[in-house]
Protein chains: 2
Amino acid sequence: MDVKSIPNTVIRRLPRYYRFLDELMESGVERISSAELSRRMNVTASQIRQDLNHFGAFGQQGYGYHVEYLYQEIGRILGLDRVNEMVFIGAGNLGRALANYGNFVKRGFQMIAMFDQNPELIGKTLACGLVVRDIAELEAFLAEHPVRMAGIAIPKTNAPAVAERLVACGVKAIWNFAHTDLALPDDVVVENVHLSESLMELSYLYHSRYPEEP
Amino acid sequence: MDVKSIPNTVIRRLPRYYRFLDELMESGVERISSAELSRRMNVTASQIRQDLNHFGAFGQQGYGYHVEYLYQEIGRILGLDRVNEMVFIGAGNLGRALANYGNFVKRGFQMIAMFDQNPELIGKTLACGLVVRDIAELEAFLAEHPVRMAGIAIPKTNAPAVAERLVACGVKAIWNFAHTDLALPDDVVVENVHLSESLMELSYLYHSRYPEEP
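Parameters and conventions
- Residues numbered from 1 in each chain as written.
- Chains lettered and ligands numbered in written order.
- Predicted model: local features only at pLDDT ≥ 70, side-chain atom pairs only at ≥ 80, totals over all residues.
- Heavy atoms only, no water.
- Helix = DSSP H or I, 4+ residues; strand = E, 2+ residues; numbered from the N terminus.
- Buried < 20%, exposed > 50% of the residue type's maximum accessible area, 1.4 Å probe, protein only.
- Contact = heavy atoms within 4.5 Å.
- Areas by Shrake-Rupley, 256 points an atom, 1.4 Å probe, with all protein chains shown as cover.
- Lys, Arg positive; Asp, Glu negative; His and termini not counted.
- Charge placed at Lys NZ, Arg CZ, Asp CG, Glu CD.
- Domains from an automatic or database assignment.
- Buried area = accessible area lost by both parts, 1.4 Å probe.
- Salt bridge = Lys/Arg side-chain N within 4 Å of Asp/Glu carboxyl O.
- Polar contact = N/O pair within 3.5 Å; in protein donor to acceptor, adjacent residues only side chain to side chain.
- Core = buried A, V, L, I, M, F, W, Y, C linked by side-chain atoms within 4.5 Å.
- Least-squares fit on C-alpha atoms with pLDDT ≥ 70 in both.
- Pairing = 2+ DSSP bridges.
- Axes fitted to C-alpha atoms, helices over the stretch in contact; angles between N-to-C directions.
- Phe/Tyr/Trp six-rings, centres within 6.5 Å; stacked < 30°, edge-to-face > 60°.
- Parallel < 35°, antiparallel > 145°, perpendicular 65-115°, else oblique.
- Left-handed = near helix turned anticlockwise from the far one by under 90°.
- 1 Å grid on protein atoms, 1.4 Å probe; cavity = no way out; pocket = protein on both sides within 12 Å on 5 of 7 lines; lining within 4 Å.
- Points joined across faces, edges and corners; volume = space filled by probe spheres on them.

Enquirer: Describe the overall build of chain A, and please don't skip the residues or the numbers.
Expert: What chain A contains, in helices and strands, is nine helices and eight strands. When each of the 214 residues of chain A is scored for burial, the buried share is 51%. A fraction of 54% describes how many contacts in chain A between residues 6 or more apart in sequence connect residues 24 or more apart. When the accessible area of chain A is evaluated, it comes to approximately 10000 Å², of which 48% is carbon and sulfur surface. Side chains of chain A carry 21 positive and 26 negative charges; the gap between the two charge centres is 5 Å.

Structure (structure tokens):
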């Protein structure tokens, strides 16, 4: 199977399949029909068949999908079949929450260092065991531990400069929680999580549905 | 202007316009051409003209867009021209990070109560000033303070039951950080923020771009 042949719209749906397949495995389900998966995921069975057909002939008539095999194939496409080492910048509330979130480790994302510029945070030990490092040591650390993925949860004013430093150290993928867009070279991939914007979308969904409510 | 006439794809882009217009106002910019906004937002000028045309004739030839007016109009569409009171369930790291995030208050989102079931957290005062309440008091609180919006950042096993309780109390909009889909009545709007899934997307973007890298 060639990853390039899978449309982007399908790729965007893979993490959700992955989550449902994981839950099925946890419940001891070995195989599942597209009809049953459709019911659970609230997606049409036809959509599921179209999406999962990209992974070859796993959905055999009368057999359904082999849950673990599909889970592993999707994991491989998403790059979860290995350990992805990351560094994280910003040991504020959000950064600490993310660093301490066990689910990421379960998915193979290993946070190997946390940096901050705040003297009150530097040297503190997080619940996950990492000790907050001085951002001044970023370059030295990355020279010794060259990682390609980094997360940023810092104020928007500092984010562009920090992102540039990461890129100069060879980081190619940035998970950006700073409330700004990062203008980075084309060979760097960025996934933005703009929490304020998601809250605004919720607000829109609510008020457009209930225009009479306060 | 009728909100209903604005396509959903445009609506989804409004929070980003709102953010850029806010930054322009902060920098003292009163009006801006679609060409200049295009350069800053890294979107084609034609896209900007099409999107903003839904807001009437603000982009006058040779004048450009009136920044503050457009900012306020978009804010009104997004429901940010009022105070949106919310409750939040889950005073763990992520919940506390969200409760303490000043940017939401700036956008009119007022968190009026935080609930948790963990005895070690109940009674604690958060940096934002809220005292964590016992989730057992949820119904009583909402009977006295009927709010329509709620956030959830709790483990996936508890999330469906808590969401049902919120809905039974009249909540119509849920900002869901629990790592599960919520099956709720059609009259409840949900905005999911699945952080693991966004990290998987980053992983996919990176590994599909750099298949030779570890």
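Back to the write-up after that little detour.
Enquirer: So, the domain arrangement of chain A: which residues are in play, and what are the values?
Expert: Assigned domains within chain A: domain 1 (3-77) and domain 2 (84-197). For domain 1 of chain A versus domain 2 of chain A, the separation of C-alpha centres amounts to 32 Å.

Enquirer: With reference to specific residues and values, describe the interface of chain A and chain B.
Expert: It is common to give the size of an interface as the accessible area lost on bringing the parts into contact. Taken together, the contact between chain A and chain B spans 63 residues of the former and 63 residues of the latter. Both faces considered, chain A and chain B share a buried interface measuring about 5900 Å² in area, 60% of it formed by carbon and sulfur atoms. The largest share of the area that chain A buries against chain B comes from A:Leu199, A:Met200 and A:Tyr204, three residues that together contribute 12% of it. Counting the contacts that link chain A with chain B gives 14 salt bridges. Between A:Arg16 and B:Asp181 there is a salt bridge, and its shortest N-O distance comes to 2.3 Å. Our count for the chain A to chain B interface comes out at 24 residue pairs in polar contact (both at pLDDT 80 or more).

Enquirer: Which residues make up the nonpolar core, and what values do they have?
Expert: Ranked by size, the top nonpolar core spans 104 residues in total, and within it A:Ile74, A:Trp175, B:Ile74 and B:Trp175 carry the most contacts. Among the nonpolar cores identified, the runner-up in size contains 25 residues, and A:Phe141, A:Ala159, A:Val167 and A:Leu184 belong to it.

Enquirer: Go over the relation of the copies chain A and chain B, please, and point to the residues and values.
Expert: For the pair chain A and chain B, the best superposition has an RMSD of 0.0 Å and corresponds to a rotation of 180 degrees with a translation of 0.0 Å parallel to the axis. Read as a symmetry element, the transformation amounts to a two-fold axis. Most of the interface of chain A is mirrored in chain B, where 100% of its interface residues again form contacts.

Enquirer: Would you mind going over the sheet that holds strand S4 (residues 109-116) of chain A in detail, with residue names and values included?
Expert: Residue and element names in this part refer to chain A. As summarised here, the arrangement of the six strands in space is S5-S4-S3-S6-S7-S8, forming an open sheet in which the pairing is parallel. Among the strands making up the open sheet, the edge pair consists of strand S5 (132-134) and strand S8 (189-192). Strand-to-strand, the axes of this sheet are offset by a mean angle of 25 degrees, without reference to chain direction. As defined by bridge partners, S4 adjoins S5 across three bridges and the pair is classed as parallel.

Enquirer: I'd love a proper account of the pairing of S4(A), names of residues and values included.
Expert: All names here are of chain A. Counting buried residues in S4 gives seven out of eight residues, a clear majority hidden from the surface. Of the pairings in the sheet, the one linking strand S3 (residues 84-89) to S4 comprises six bridges and is parallel in character. Residue pairing for S4: Met 86 is matched across the bridge by Met 111.

Enquirer: Tell me about the packing of aromatic side chains, and please be specific about residues and values.
Expert: Within the structure shown, the criterion is met by 12 aromatic pairs over all chains. Ring geometry for B:Phe104 versus B:Trp175: centroids 5.4 Å apart, planes at 85 degrees, classification edge-to-face. In this pair, B:Phe104 sits in helix H6 (residues 102-106) while B:Trp175 sits in strand S7 (residues 173-176), placing the two residues 71 residues apart along the sequence. Residue B:Phe104 shares its accessibility class with B:Trp175, and that shared class is buried. Ring centres of B:Trp175 and B:Phe177 lie 4.8 Å apart, and the angle between their planes is 75 degrees; on these two criteria the pair is classed as edge-to-face. Accessibility expressed as a relative area gives 8% for B:Phe177, which makes it buried. Cluster of aromatic residues (ring-pair linked, three or more members): A:Tyr101, A:Phe104, A:Trp175 and A:Phe177.

Enquirer: Go over the pattern of salt bridges with me, naming the residues and quoting the values.
Expert: According to the stated counting rule, one finds 36 salt bridges over all chains in the structure shown. When salt bridges with common partners are traced through the structure, they connect A:Asp22, A:Glu23, A:Glu26, A:Lys106, A:Arg107 and B:Lys156 into a single cluster.

Enquirer: Report on the sheet that holds strand S8 (residues 189-192) of chain B, specifying residues and quantitative values.
Expert: In space, the six strands of this open sheet follow the order S5-S4-S3-S6-S7-S8 (chain B), with parallel pairing throughout. The open sheet has two edge strands, strand S5 (132-134) and S8 of chain B, and neither has a second partner. For this sheet the average axis-to-axis angle between neighbouring strands, irrespective of direction, equals 25 degrees. Running over the sheet, helix H9 (residues 195-209) of chain A touches strand S3 (84-89), strand S4 (109-116), strand S6 (149-152), S7 and S8 of chain B and is turned about 170 degrees from S8(B).

Enquirer: I'd love a proper account of the packing of helix H1 (residues 8-26) of chain A against helix H9 (residues 195-209) of chain B, names of residues and values included.
Expert: Packing of H1(A) against H9(B) leaves a shortest axis separation of 10 Å and a crossing angle of 135 degrees. Regarding the angle of H1(A) to H9(B), the classification is oblique. Crossing angle aside, the handedness with which H1(A) passes H9(B) is right-handed. Here A:Asn8, A:Ile11, A:Arg12, A:Pro15, A:Arg16, A:Tyr18 and A:Arg19 of H1(A) lie close against H9(B), whose contacting residues are B:Glu197, B:Met200, B:Glu201, B:Tyr204 and B:Leu205.

Enquirer: Talk me through empty space enclosed by the protein; I want residue IDs and the actual numbers.
Expert: Under the definition given, this model contains one cavity of 30 Å³ or more. By volume, the largest cavity amounts to about 40 Å³. A:Glu201, A:Tyr204, A:Leu205, B:Asn8, B:Ile11 and B:Arg12 together form the lining of the largest cavity. Contributing elements (two or more residues each) for the lining of the largest cavity: H9 of chain A together with helix H1 (8-26) of chain B.

Enquirer: Can you break down the side chain of B:Ser203 residue by residue, with the values?
Expert: By secondary structure assignment, the location of B:Ser203 is in helix H9. Overall, B:Ser203 belongs to the buried group, its relative accessible area being 0%. Residues within four places of B:Ser203 in sequence aside, it is in contact with A:Leu78, A:Gly79, A:Leu80, A:Asn84, A:Phe109 and A:Met149.

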